[in-house]
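Analysis of the macromolecular model
Read off the chains here:
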Amino acid sequence: AERLIRQAEQLAPNSADLAAAKGRLRELREQVEIAASRQALTPDQQQKVAGLLAAAEKAAAGGKLMLPPGESAYDRYRAALALDGNNAQALAGLQSLPQRARDQFNVAVGEQKLDRARDLVETLAQLSPGDAGLATLRARLAEAWLDEADRRVGENRAQDARHALDAARDLAPYNPRLTLLEQKLRELGGGGSGSR
């Protein structure tokens, strides 16, 4: 490749394609040097990586995507990569975490575990800050909290209704249902104190 680039330099020294090819060759040379400088993993390191990957999978399946620190799937995949920087399973595992957060969010909302769903939205925001679906998930969660507030008002449980309304307001402060439910809560006589 170097010989061909030297020949091309004689024919077209100012070519943009030539400059791009030289840059690509330089990148390839650096990648080869980095790969050559990495030492092969010892059997102990290989075993440690395998253990970290297994623990990461278990943590992810158990919903521990980012928390608790040190025990989460995220931290364990990163620890595996610290030992084996090109580990395909660890890289794929890290890349799968945002979708796992979405999937677990859907389950949590379906099971009315709204605090858990809120945690998963925040997890997704940390894992994938530019995720286009975050606004939609927040809106869905706000609606679920508003439904919860409506149920609690109907059950004459003002304190629980206030908690749900506050959670919805945090997610969607301009949702038109907030005003209606605030009015129902006032009629209940519970701006914040009520039976539980």
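Below, the structure is looked at part by part. Throughout, a residue's number is its position along its own chain's written sequence, starting from 1. Local features in this predicted model are restricted to residues of pLDDT 70 or higher, and side-chain atom pairs are both shown and tallied only at a pLDDT of 80 or more, whereas totals for entire chains, interfaces and linings draw on every residue. Derived side-chain values reflect all non-hydrogen atoms in the structure, with water molecules and hydrogen atoms excluded from consideration.

**Some thoughts on the overall build of the protein**
We count a stretch as a helix when DSSP gives it H or I for four or more residues in a row; a strand needs E for two or more, and each element gets its number in order from the N terminus. Looking only at helices and strands, the protein has 9 helices and 0 strands in total. The N-to-C order of helical and strand elements in the protein reads α-α-α-α-α-α-α-α-α. Dimensions along the principal axes, computed over C-alpha positions, put the protein at roughly 85 × 50 × 20 Å. Expressed as a percentage of the 196 residues in the protein, the buried residues total 33%. We call two residues contacting when some pair of their heavy atoms lies within 4.5 Å. For the protein, the proportion of contacts with a sequence separation of at least 24, taken over those separated by at least 6, is 53%. Each accessible area value is a Shrake-Rupley result obtained with a 1.4 Å probe; residue values ignore everything except the protein chains displayed when judging cover. In the form shown here, the protein has an accessible surface area of approximately 12000 Å², with 52% of it arising from carbon and sulfur atoms. Counting 28 positive and 27 negative side-chain charges, the protein places the averaged centre of each group 1 Å from the other. Working definition: with a 1.4 Å probe on protein chains only, accessible area under 20% of the residue-type maximum means buried, over 50% means exposed, and in between means partly exposed. In this count, Lys and Arg are taken as positive residues and Asp and Glu as negative ones, while His and the chain termini are left out. Taken as the charge location is NZ of Lys, CZ of Arg, CG of Asp or CD of Glu.

**Focus on the nonpolar core**
Ranked by size, the top nonpolar core spans 44 residues in total, and within it Tyr-77, Leu-97, Phe-105, Leu-141, Trp-145 and Leu-165 carry the most contacts. The set of elements that each furnish at least two residues to this core consists of helix H3 (43–61), helix H4 (73–83), helix H5 (88–110), helix H6 (114–127), helix H7 (134–154), helix H8 (158–171) and helix H9 (177–188). Those residues in contact with Phe-105 that lie beyond four places of it in its chain are Ala-117, Leu-120, Val-121, Leu-137, Arg-140 and Leu-141. Buried Ala, Val, Leu, Ile, Met, Phe, Trp, Tyr and Cys residues that are joined via side-chain atoms within 4.5 Å together make up what is termed a nonpolar core.

**Quick notes on the pattern of salt bridges**
Each salt bridge in this description consists of a side-chain nitrogen of Lys or Arg and a carboxyl oxygen of Asp or Glu lying within 4 Å of one another. According to the stated counting rule, one finds 17 salt bridges in the structure shown. With its nearest N and O atoms 3.2 Å apart, the salt bridge here joins Glu-111 to Lys-113. Exposure remark for Glu-111: the relative accessible area of 47% places this residue in the partly exposed category. When its relative accessible area of 47% is taken as the criterion, Lys-113 is described as partly exposed. The shortest N-O distance in the salt bridge between Asp-166 and Arg-169 comes to 3.2 Å. Taken together, the residues Asp-166 and Arg-169, both in helix H8 and 3 residues apart, mark about one turn of the helix. A single network of salt bridges, built from pairs that share partners, joins Glu-148, Arg-151, Arg-152, Glu-155, Arg-157 and Asp-160.

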